[in-house]
Amino acid sequence: MSRVSDAELIVLARQARERAVATFSGFKVGAALEAADGTVILGCNIENATYGLTLCAERTAIFKAVSDGIREFSRIAVVADTQSPTPPCGPCRQILWEFCGDIEVIMANLASETGRYHMRELLPVPFDARHLDEDANAKR
Ligand code: THU
């Protein structure tokens, strides 16, 4: 399968952002998650009247992909209408790390790229399943 360029992945994230349901914050975010086979899964933030049940664009894309059986990922582009980069929030970093590992996170606004990081930079000391295994082994 042919791979989209970084610029094309950003365009797809901008398109996903247009579908955001940001009724309460007015802050629309789009994500385009590239799977290892080149498939691109889109996500937008989805808010609701309780506020707390909001799902960020990144997690929407990951959960869509995982529920469709896609488990290997290579890149994600995240778009918001901000001058400075809009990085994934804490809960999204945890989910990104656990499901996508050390993927590249490309941030952009409506005009251009604003930042680029690897997940290990955004979550340098992660908690993950390895710790659960270690604990289980210690009790054996
Ligand atoms: N949001 C995202 O979707 N992704 C981010 O990386 C940052 C924040 C959403 C959550 C909420 O709907 C709105 O942006 C304001 O926080």
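For the structure itself, look to the data block above.
Overview of the structure. (Residues numbered from 1 in each chain as written. Predicted model: local features only at pLDDT ≥ 70, side-chain atom pairs only at ≥ 80, totals over all residues. Heavy atoms only, no water.)

Considerations on the overall build of the protein chain
Looking only at helices and strands, the protein chain features five helices and five strands. Whereas a compact globule of 140 residues would reach a radius of gyration of roughly 14 Å, the protein chain reaches 15 Å, a difference of no more than 12%. With respect to the three principal axes, the spread of C-alpha positions in the protein chain is 55 × 40 × 30 Å. Burial statistics for the protein chain: of 140 residues in total, 43% are counted as buried. If you sum the accessible surface of the protein chain, you get close to 7600 Å²; carbon and sulfur atoms cover 55% of it. Within the protein chain, one finds 15 positive and 19 negative side-chain charges whose respective centroids are separated by 2 Å. (Helix = DSSP H or I, 4+ residues; strand = E, 2+ residues; numbered from the N terminus. Rg over C-alpha atoms; globule rule 2.2 N^0.38 Å. Buried < 20%, exposed > 50% of the residue type's maximum accessible area, 1.4 Å probe, protein only. Areas by Shrake-Rupley, 256 points an atom, 1.4 Å probe, with all protein chains shown as cover. Lys, Arg positive; Asp, Glu negative; His and termini not counted. Charge placed at Lys NZ, Arg CZ, Asp CG, Glu CD.)

Observations regarding the environment of K139
Looking at the secondary structure, you find K139 in helix 5 (residues 129–139). Residues K139 and E72 lie 67 residues apart in sequence; the distance between their C-alpha atoms is 31 Å.

Some details on the pairing of strand 5 (residues 113–118)
Inspection of the sheet shows strand 4 (residues 104–108) paired to strand 5 by five bridges, in the antiparallel sense. Across the sheet, the residue bridging to M107 is G115, located in strand 5. Where strand 4 folds back on strand 5, the antiparallel hairpin that results is connected by four residues. (Pairing = 2+ DSSP bridges.)

Comments concerning the pattern of salt bridges
Using the criterion set out here, one finds nine salt bridges in the structure. Close ionic contact of R116 with E113 constitutes a salt bridge, the shortest N to O distance being 2.9 Å. With a shortest N-O distance of 3.0 Å, D135 and K139 are connected by a salt bridge. Of this pair, D135 and K139 both sit in helix 5, four residues apart, roughly one helical turn. K139 gets classed as exposed once you look at its relative accessible area, which sits at 67%. One salt-bridge network, in which partners are shared between bridges, spans R3, D6, E34, R75, E104, E113 and R116. (Salt bridge = Lys/Arg side-chain N within 4 Å of Asp/Glu carboxyl O.)

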